[in-house]
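The residues making up each chain are set out below.
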Amino acid sequence: MTLSAMGVRVGMLFAVAAALLAACSDSRTQIRIVGSSTVFPFTTAVAENFNRNNPEYPAPIVEATGTGGGIKLFCSGLGSRFPDVANASRRMKPGELADCEKNGARDIVEVKVGIDGVVLVQRKGGTPLNLTLRDVYLALAAEPFGRKQTARTWQDVNPALPATRIEVIGPPPTSGTRDAFNELYMAAGCDTDPAMQALKKSDESRHKTICNKIREDGAFVEAGENDNLIVQKLGANPAAVGVLGFSFLERNMDTLRDVPIDGVPATYATISDFSYPASRPLYIYVKAQHVKAIRGLRQFLDEYTSERAWGPGGYLQRRGLVPAPDGVRAENRARAAALTPLTAADLA
Amino acid sequence: MTEAVSNEAPTDWASEAMQARIRRRYAQERGFKALGLLALTLACGFLLLLMASVISSGWTAFVQTQVRVPVTFDAGELGVTAEQAKANPELLRRADFEGVMQQSVTRAFGNGAVLVSDGAWLQLREAAMADPSLIGTTKDMWLIATSNIDQLAKGRIDLQAAEGDRPVTDAEIAAWRKLGAAGDLRKAFNRTFLTGADSVDPELAGVWGALKGSFLTLIVTLLISFPVGVLAAIYLEEFAPKNRWTDVIEVSINNLAAVPSIIFGLLGLAVFLNFLNMPRSAPVVGGLTLALMTLPVIVIASRAAIKAVPPSIRDAALGIGASRVQVVFHHVLPLALPGMLTGTILGMARALGETAPLLMIGMRAFLTSVPQGLAQPATALPVQIFIWSDNVSRGFLEKTSGAIIVLMLFLLAINSLAIYLRNKFEVRW
């Protein structure tokens, strides 16, 4: 008797819990965005302006997961459980697009939102460095040009550099900034040696190991998926060099300065005309199939691709985004308006 | 026996050896008291240090710098007349207030001056929506200043530093001085901070969204963990047979209470999000996850409270013919309730301060709107503090401390409630 009374109470409790579960399995109404922490500050700014201008739509949810993690979530399927938009600080890989298609997300629209520089920065007050791509590669590769890594100080790499310890704080492999760093610094520095270019033709996987693998003996520190943390760590350590998106340098000009690469300083001008060796475009990816289902997604795209957002003098530029050239903006605006899907041929 | 005592010489309290012993005993007592006092002073000192640093850097979060701008609500610029606006408020809501604000600021302070916040045009819209007859007139309005002007006015910027070494430009400092001299600058209570949600601009960021998210999460936690925890404790104490199984359960519960919270976050991610497909970032999921975490604490506290009820009360009730369930619900539970409530509220206070499990289930997303329901995406107050503390923008420094002050006040309220309830229901025997 006592136990059955207890059972009734416990049963009622589970009924309440079940009702709670049922209440929240309703489909989602707000835009959900995941992806790169580099694009995050721009997308949040757009999301906020979108919400102010269109209060009839629920505010978008933006989460910084890193480009790799974000695209993985984005490509896991179609429907309200999966994000509508992915921020990316590098282009989607053909394999990722294939994943998307395999999981049913077929019409992916690619929008190039602007340009960012992957910059090397250091704290003001430290010994100023002036590096070349080759210096960076030699200092950070696991096997520089196939030899054992022995460099301890920048002077070991290049006698013209100061004898400070090599200490670089950068993002982890899930980050698009890391992918861009590998491509723009490591691979580019590696290919300054003609022997490596020859190796690329003869043994591509060996070339990839030599050129892209970063040393793991403590000279390169992974700071997690959080660029602000890198800024804070640099503030505490004048000898360290950080790898960041240009917008983070732009917003911390009072404490940080850029390390010129091949003699070119990182500025809006050098990044937008690609004379800075490490400029890269930033992207957002949108599921065209979600545009009908998710209210406001179309208007969100309109806001992102408006001149007052991503154009010269727009509010994204005030946050450190380098606007893309006029032609590129027009082309991407047209693509976002027509929801032209990305094809595997585009990525090849 | 008494003879043996009387044969012994009486203690000579005046003797040298006895006096020395007494002195030593007193010295020991004084030493212990001093040590205790030192520990207390140290603890209070740290608390004061924490409070002082948080309050000194955070109180300015509740103050907002505003700039006086003569705003001309030009019907042509807005694209809507007063009559149209009265007939159709939707038209007015879509009007170009941003352009009107830019025009008015440029007219008042010249071109290129960035003095008012990007979002200050919302104030214009609010004013015009409330009173459409403003259209076509000019009105002096106090608009929210940019974060840089705000920080200058609050004296948080080192003016001695060279221009490249500080976050504000010389032009901004000159503009700030000019505004101050003309009386076009004032400090007012920061309503946005207490009523708004997160923003990319520190001057527009608020804690209400996060506070409400925390509140919704805690309600779910309380609704689930309190009844389940109390029922489990009653069953284990009053009904369960003592055998190996109940021993295993007891050890497991004690173990669970010590499991790091991030593990519960991973569990929540695996069970509620990936298996049950519940919405990411929702307070209901946060609440369920925190309920799992709080449950063992409530079970342990409730069992202790039930154990503290004297057996004589049970015996008396059984003796006059009450059933076991009647004994529990008529006598034991009311007497154990104060202890259970105290344990529950302490558990809830811990849940309120928890960040790690909420990060795992996506409650760290950027949200500019206040959550409206249990299944709506939300953040929680400690997560908001974590997100702001990461932000390098100088304006967020004071907002972080301001949010900590709000969190501490919330905790203080919860703990006061715990003390009040305990005193109200406490029974002495």
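Fair warning: this is a prediction, and the values are worked out from it, not measured in the lab.

## Observations concerning the overall build of chain B
Part 1 of the reasoning: Scanning chain B for helices and strands turns up 19 helices and 3 strands.
Part 2 of the reasoning: Taking 429 residues into account, the globule formula puts the C-alpha radius of gyration at 22 Å, and chain B, at 32 Å, lies well above it.
Part 3 of the reasoning: In terms of overall dimensions, chain B has a C-alpha envelope of 110 × 65 × 35 Å along the principal axes.
Part 4 of the reasoning: The 429 residues of chain B split such that 41% are buried.
Part 5 of the reasoning: Of the contacts made within chain B by residues no fewer than 6 positions apart, 75% connect residues no fewer than 24 positions apart.

## Focus: the overall build of chain A
Part 1 of the reasoning: Along its length, chain A carries 18 helices and 9 strands.
Part 2 of the reasoning: With 348 residues in all, chain A has 45% of them scored as buried.
Part 3 of the reasoning: A fraction of 75% describes how many contacts in chain A between residues 6 or more apart in sequence connect residues 24 or more apart.

## Looking at the domain arrangement of chain A
Quite often, the size of an interface is put as the accessible area lost when its parts meet.
Residue and element names in this part refer to chain A.
Part 1 of the reasoning: The assigned domain composition of chain A is domain 1 (29-116 + 280-347) and domain 2 (117-279).
Part 2 of the reasoning: Contact with domain 1, which involves 20 residues of that partner, is made by 21 residues of domain 2.
Part 3 of the reasoning: Counting only elements with at least two residues in the side of domain 1 that touches domain 2, the list comes to α3 (67-74) and β4 (108-123).
Part 4 of the reasoning: Looking at which element gives the most residues to the side of domain 1 that touches domain 2, the answer is α3, with 3 residues.
Part 5 of the reasoning: Each residue belonging to the side of domain 1 that touches domain 2 can be placed in one class, and the counts come to 7 nonpolar, 9 polar and 4 charged.

## Brief notes about the packing of helix α12 (residues 244-256) of chain B against helix α14 (residues 283-307) of chain B
Helix-helix packing is described using two parameters, namely the angle between the two axes and the distance between the axes.
All names here are of chain B.
Part 1 of the reasoning: One can describe the packing of α12 onto α14 by two numbers: an axis separation of 8 Å at closest approach and a directional angle of 120°. What the angle tells us is that α12 and α14 run oblique. Crossing of α12 against α14: the hand is left-handed. Note on element contacts: α14 touches α12 through P296, V299 and I300, opposite I253, N254 and L256.
Part 2 of the reasoning: Taken together, the residues of the contact of α12 with α14 break down into 5 nonpolar, 1 polar and no charged.

## Topic: the sheet that holds strand β2 (residues 138-144) of chain B
Within a sheet, each strand pairs with its neighbour through backbone hydrogen bonds, oriented either parallel or antiparallel.
Residues and elements named next belong to chain B.
Part 1 of the reasoning: The 3 strands lie next to each other as β2-β1-β3, forming an open sheet whose pairing is antiparallel. At either end of the open sheet lies a strand with only one pairing partner, and these are β2 and β3 (185-189). Each neighbouring strand pair of the sheet contributes to a mean axis angle of 40°, computed without reference to strand direction.
Part 2 of the reasoning: Where strand β1 (residues 63-72) and β2 come together, 7 bridges link them in antiparallel fashion. Paired with P70 across the strands is D140, a residue of β2.

## Focus: the environment of A223(A)
All names here are of chain A.
Part 1 of the reasoning: Mapped onto the elements, A223 comes out in the loop between β6 (220-222) and α10 (227-236).
Part 2 of the reasoning: What makes A223 buried here is the crowd of 21 C-beta atoms within 10 Å.
Part 3 of the reasoning: Along the primary structure A223 and T44 are separated by 179 residues, whereas in three dimensions their C-alpha atoms are 22 Å apart.
Part 4 of the reasoning: In contact with A223, other than residues within four places in its own chain, are I169, G170, P171, L229, I230 and K233.

## Description of the domain arrangement of chain B
Residues and elements named next belong to chain B.
Part 1 of the reasoning: In terms of domain boundaries, chain B breaks down into domain 1 (59-189) and domain 2 (208-425).
Part 2 of the reasoning: A straight line from the C-alpha centre of domain 1 to that of domain 2 covers 44 Å.
Part 3 of the reasoning: Its residues assigned to classes, the side of domain 1 that touches domain 2 shows 3 nonpolar, 3 polar and 2 charged.

## Side note on the environment of V284(B)
Residue and element names in this part refer to chain B.
Part 1 of the reasoning: Mapped onto the elements of the fold, V284 is located in helix α14.
Part 2 of the reasoning: Classification of V284 by C-beta neighbours within 10 Å gives buried; the count is 24.
Part 3 of the reasoning: For the pair V284 and Q376, spaced 92 residues apart in the sequence, the C-alpha separation amounts to 8.6 Å.

## Concerning helix α14 (residues 297-304) of chain A
All names here are of chain A.
Part 1 of the reasoning: Residues of α14 that are buried include every one of L297, F300, L301, E303 and Y304, and no others. Axial view of α14: buried residues confined to an arc of 160°, hence all on one face.
Part 2 of the reasoning: Next to the buried residues of α14 lie α2 (40-53), β4, β9 (279-287), α13 (288-293), α15 (307-310) and α17 (326-338).

Thresholds, definitions, all that
Residues numbered from 1 in each chain as written. Chains lettered and ligands numbered in written order. Predicted model: local features only at pLDDT ≥ 70, side-chain atom pairs only at ≥ 80, totals over all residues. Helix = DSSP H or I, 4+ residues; strand = E, 2+ residues; numbered from the N terminus. Rg over C-alpha atoms; globule rule 2.2 N^0.38 Å. Buried ≥ 20, exposed ≤ 12 C-beta atoms within 10 Å, placed from the backbone. Contact = placed C-beta atoms within 7 Å. Domains from an automatic or database assignment. Nonpolar A, V, L, I, M, F, W, Y, C, P; charged D, E, K, R; others polar. Axes fitted to C-alpha atoms, helices over the stretch in contact; angles between N-to-C directions. Parallel < 35°, antiparallel > 145°, perpendicular 65-115°, else oblique. Left-handed = near helix turned anticlockwise from the far one by under 90°. Pairing = 2+ DSSP bridges. Arc of directions from axis to C-beta.

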